[in-house]
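The primary structure of each chain is shown beneath.
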Amino acid sequence: MTDSNDDTRTSRRRFLTGAAGLAAAGATGAAHAGNPKNLPPNIAAWSKTLGDGVAVRPYGHPSKFEKNVIRRDVQWLTASRESSVSFTPLHELDGIITPNGLCFERHHSGIAEVDPDDYRLMIHGLVDRPLIFTLDDIKRLPRVNRIYFLECAANTGMEWRGAQLNGCQYTHGMIHTVQYTGVPLKLLLEQAGVKTNGKWLLVEGGDASGLDRSLPLAKALDDCLIAYRQNGEMLRPEQGYPVRLVVPGWQGNMWIKWLRRIEVGDKPWYTREETSKYTDLMENGKARKFTFVMDAKSVITSPSPQVPVKRKGFQVISGLAWSGRGKIKRVDVSLDGGRNWRAARIDGPVLDKCCVRFYAEAEWNGEPWLLQSRAMDETGYTQPSKDALRKIRGVNSIYHNNGIQTWALKANGEVENVEVG
Amino acid sequence: MSKSVSLIVAALLLASPAMAQDKTQVGKSPPRNYGVGQVATPAQIAGWDIDVRPDGVGAPAGKGSVKDGEKIYLEKCAACHGEFGESAGRWPQLAQGKGTLASHDPVKTVGSYFPYLSSVFDYVRRAMPFGDAQSLSNDELYAVVAFVLNLNDIVDDKFVLSKDTWAQVRMPNESGFYDDDREKSEKAFWNSRPCMKDCGPPVKITGHAAVIDVTPEDKTPRKGGVE
């Protein structure tokens, strides 16, 4: 098994832990100060020489200086990388759109590599006309563009018993937001004609896990999409190329990737993924089922443990807020662990079941801060504290941890994931 | 035909610019057959229609005994799930865990947690063995699921699982689930006027992620820059 976080080179990691690591750290410091040869009044190297021509980089990549902006995993979480998760580097991003290559991954049997010519979507069950669609068929239908967040129900699931993972990439990185292009599921179902006794859909993936979930027909007809593009280009293989289901505001597990089949039925199926997994075990040993909606939640992405504060003075506090119940209405920020709050400034689009970007500006002079953010959605739901959640749910439920996150900013600028009480 | 096309075009043109994600007319207009897609034949459907419901609808023909299942299990499953379903490493545990769901170390297994036979049968049928999915014959599938039930003392050593015996299997935790009740049990969270000032006594740090130290090493700068 390879060690893939950062550079994907084990040898490099080992190398860095030795004395050379100190040298590397020193080099980073020097880079901050800058190379005097490139600084005024001198002329920078790139101001004097030719760079790469057009089409040398036929599919562009981020600058070589941004190599640290990558998905990462937590290897002890899972038994294998084929059935595991990697996390979006939220701390490195701004705005609301997640670049396609940074969208977190959750696979149950690895990434299926589906040949688009051999892609088929089957719709059958309680329908008038069972149908099979090719990818070209789907692309011929009227399409829409929608920006939605996709959050795994287990996002922040490691934090139920207290602060555990030190970085918002790990605590909150099972979310991404892209613009989907696709066909309303309603329109596709209309082609087959749902019989009047149809109440639930079984939606199934074409990968080797064949992940299957029961989806209420009402949700399918409301706002679900059969999507084939993200941010303009075709879906990435790890996001279900060529076709995935979009279930706005609902837990990511239902957004079936490599979608191959939709069966219309009159009852839910109670599949493994909606019984053994994705049910929320309460303190009394009973479990909530079909907890589809992702409640309002927010997190400060910077500063955060992977983005410490560099200097005193003016600070921009930046974060994301979202709700599966509708639009975000307001975000508040606290610097003292939730005793006093101020309204943050939301900048950019405010869309249904989509992330918003918020900012709060403040002066910092080295005093300890306990940074928190609190989201409120248009239904009036206000993100609860972690303790308020625990009071109702206990600490066994794994899923749906939308409690308020606390980052402690220390005098030296370091930031830590902490629990407050 | 051409009339309805022009109507749809008109509706699209009239739709407001998509600042909000308003539901446009696409998919909201009266159903229309676009003449796209092929009829799925019964044979095509049969090849892919592998789901099984709690009431046994969808269960295939065939049968398998606990005894036959043991052989298959030891050969194809035990390396990850353990000889007795106790799990090897971090792979899912399949057996035991009875009486642990209300503790702070809940062990969710087929016997302690799964509500229906179909929940495990449907899963094994589509996803197991890990890395060799959909390779078991129907008889092998019935047998190996029967053995997993037997590991959990849900059926006896002589049991043969099939469509005919499906209804005899009762899972211990069938009544362990209830519908999402957040809108009732968490009604207090719908509070559009949360406290803004002097909310409770000063807070203290009660736990540190850095102390637990389970975060992967990454090359993000962790040190603050302030002297």
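About the thresholds
- Residues numbered from 1 in each chain as written.
- Chains lettered and ligands numbered in written order.
- Predicted model: local features only at pLDDT ≥ 70, side-chain atom pairs only at ≥ 80, totals over all residues.
- Heavy atoms only, no water.
- Pairing = 2+ DSSP bridges.
- Helix = DSSP H or I, 4+ residues; strand = E, 2+ residues; numbered from the N terminus.
- Buried < 20%, exposed > 50% of the residue type's maximum accessible area, 1.4 Å probe, protein only.
- Arc of directions from axis to C-beta.
- Contact = heavy atoms within 4.5 Å.
- Domains from an automatic or database assignment.
- Salt bridge = Lys/Arg side-chain N within 4 Å of Asp/Glu carboxyl O.
- Nonpolar A, V, L, I, M, F, W, Y, C, P; charged D, E, K, R; others polar.
- Axes fitted to C-alpha atoms, helices over the stretch in contact; angles between N-to-C directions.
- Parallel < 35°, antiparallel > 145°, perpendicular 65-115°, else oblique.
- Patch = residues over 30% accessible without salt bridge, like charges linked within 9 Å, V, L, I, M, F, W, Y side chains within 5 Å.
- Areas by Shrake-Rupley, 256 points an atom, 1.4 Å probe, with all protein chains shown as cover.
- Lys, Arg positive; Asp, Glu negative; His and termini not counted.
- Charge placed at Lys NZ, Arg CZ, Asp CG, Glu CD.
- Polar contact = N/O pair within 3.5 Å; in protein donor to acceptor, adjacent residues only side chain to side chain.
- Buried area = accessible area lost by both parts, 1.4 Å probe.

## Observations regarding the sheet that holds strand 1 (residues 72-73) of chain A
Residues and elements named next belong to chain A.
- Taking strand neighbours across the sheet as the criterion, the three strands line up as 1-2-3 in an open arrangement whose pairing is antiparallel. Two strands close off the open sheet at either side, each with one partner strand: strand 1 and strand 3 (105-107).
- Examined bridge by bridge, strand 2 (residues 84-87) and strand 3 share three bridges and lie antiparallel to one another. Counterpart to Ser-84 in the pairing with strand 3 is His-107.

## With respect to helix 3 (residues 66-76) of chain B
Residue and element names in this part refer to chain B.
- Residues Val-66, Gly-69, Ile-72 and Tyr-73 constitute the buried set of helix 3. Along helix 3, the residues classed as buried sweep out an arc of 115° about the axis, all on the same side. For helix 3, the exposed residues set more than 90 degrees away from the buried face come down to Lys-67, Lys-71 and Glu-75.
- As for helix 3, its buried residues are in contact with strand 2 (63-65), helix 4 (78-81) and helix 6 (138-151).

## Regarding the domain arrangement of chain A
All names here are of chain A.
- Parsing chain A into structural domains produces domain 1 (116-288) and domain 2 (297-418).
- In this assembly, 38 residues from domain 1 lie in contact with 35 residues from domain 2.
- For the interface between domain 1 and domain 2, the tally reads two salt bridges.
- A salt bridge links Glu-151 to Lys-297; its shortest N-O distance comes to 2.8 Å.
- Listing elements by their share of the side of domain 1 that touches domain 2, those giving two or more residues are strand 6 (144-151), helix 4 (168-172), strand 7 (175-184) and strand 14 (280-281).
- In terms of residue count, helix 4 provides more of the side of domain 1 that touches domain 2 than any other element does, five residues in total.
- The class makeup of the residues in the side of domain 1 that touches domain 2 is 15 nonpolar, 14 polar and nine charged.

## Re the pairing of strand 4 (residues 121-125) of chain A
Residues and elements named next belong to chain A.
- Among the five residues that make up strand 4, four are buried, leaving the element largely enclosed by the rest of the structure.
- Two elements, strand 4 and strand 5 (residues 131-133), share three bridges in a ladder whose sense is antiparallel. Directly across from Met-122, in strand 5, lies its bridge partner Ile-132.
- Following strand 4, the chain reverses through five residues before pairing antiparallel with strand 5.
- When strand 4 meets strand 13 (residues 259-265), the two strands line up parallel, connected through four bridges. Residue pairing across strands places Ile-123 opposite Ile-262, the latter belonging to strand 13.

## Concerning the packing of helix 3 of chain B against helix 6 of chain B
All names here are of chain B.
- It is at 7 Å that the axes of helix 3 and helix 6 come closest, and there the two elements cross at 90°. Viewed along their axes, helix 3 and helix 6 adopt a mutual orientation that is roughly perpendicular. Across from Val-66, Asp-68, Gly-69, Glu-70, Ile-72, Tyr-73 and Lys-76 in helix 3, the residues of helix 6 making contact are Glu-140, Ala-143, Val-144, Ala-146, Phe-147, Val-148, Asn-150 and Leu-151.
- Considering only residue class, the contact of helix 3 with helix 6 consists of nine nonpolar, two polar and four charged.

## Overview of a negative patch on the surface
- Among the surface-exposed residues, Glu-70, Glu-83, Glu-86, Asp-156 and Asp-157 of chain B lie close enough to one another that they form a single negatively charged patch.
- Turning to its location among the elements, Glu-70 of chain B is positioned in helix 3.

## Some thoughts on the environment of Trp-46 of chain A
- With respect to the helices and strands, Trp-46 of chain A occurs in the loop between helix 2 (19-33) and strand 1.
- Considered as a pair, Trp-46 of chain A and Met-174 of chain A are 128 residues apart in the sequence and their alpha carbons are 38 Å apart.

## Quick look at the side chain of Ser-87 of chain B
Residues and elements named next belong to chain B.
- Examined against the element boundaries, Ser-87 turns out to sit in the loop between helix 4 and helix 5 (117-127).
- By relative accessible area, Ser-87 is classed as buried at 17%.
- Within the structure, the side chain of Ser-87 is placed 2.6 Å from the backbone oxygen of Trp-91, a separation counted as a polar contact.
- Apart from residues no more than four positions distant in its own chain, Ser-87 is found in contact with Cys-80, His-81, Gly-82, Pro-92 and Gln-93.

## Description of the interface of chain B and chain A
- The partner chain A presents 136 residues to the 99 residues of chain B that form the contact.
- Looking only at chain B, the three residues that lose the most surface to chain A are Gln-21, Trp-48 and Phe-189 of chain B, adding up to 9% of its buried area.
- Connecting chain B to chain A are 12 salt bridges.
- The salt bridge involving Arg-325 of chain A is made with Glu-183 of chain B; its shortest N-O contact spans 3.0 Å.
- Put simply, chain B and chain A have 57 residue pairs in polar contact (both at pLDDT 80 or more) between them.
- Breaking the side of chain B that touches chain A down by element, the ones donating at least two residues are strand 1 (38-39), helix 2 (42-48), helix 5, strand 4 (177-179), helix 7 (182-185), strand 5 (205-208) and helix 8 (209-212) of chain B.
- Looking at the side of chain B that touches chain A element by element, the count peaks at six residues for helix 5 of chain B.
- Looking at side-chain class alone, the side of chain B that touches chain A contains 46 nonpolar, 27 polar and 26 charged residues.
- As paired elements, strand 15 (residues 287-289) of chain A and strand 4 of chain B share three bridges and run parallel to each other. Its bridge partner being in strand 4 of chain B, Lys-289 of chain A is matched across the sheet by Asp-179 of chain B.

## What about the environment of Gln-168 of chain B?
Residue and element names in this part refer to chain B.
- Counting through the fold element by element, Gln-168 comes out in the loop between strand 3 (160-162) and strand 4.
- On the basis of relative accessibility, which here comes to 55%, the residue Gln-168 falls in the exposed class.
- In the structure, Gln-168 is positioned 13 residues away from Val-155 in sequence and 9.1 Å away in space, judged by C-alpha atoms.

## With respect to the sheet that holds strand 1 of chain B
- Overall, mixed pairing links the six strands, which are arranged 9(A)-8(A)-13(A)-4(A)-5(A)-1(B) in an open sheet. If you trace the sheet from one side to the other, it starts and ends with strand 9 (212-216) of chain A together with strand 1 of chain B, each paired once.
- Two strands pair when backbone bridges link them, and strand 8 (residues 200-205) of chain A and strand 9 of chain A are joined in this way by five bridges, in the antiparallel orientation. Within the sheet, the bridge partner assigned to Trp-200 of chain A lies in strand 9 of chain A and is Pro-216 of chain A.

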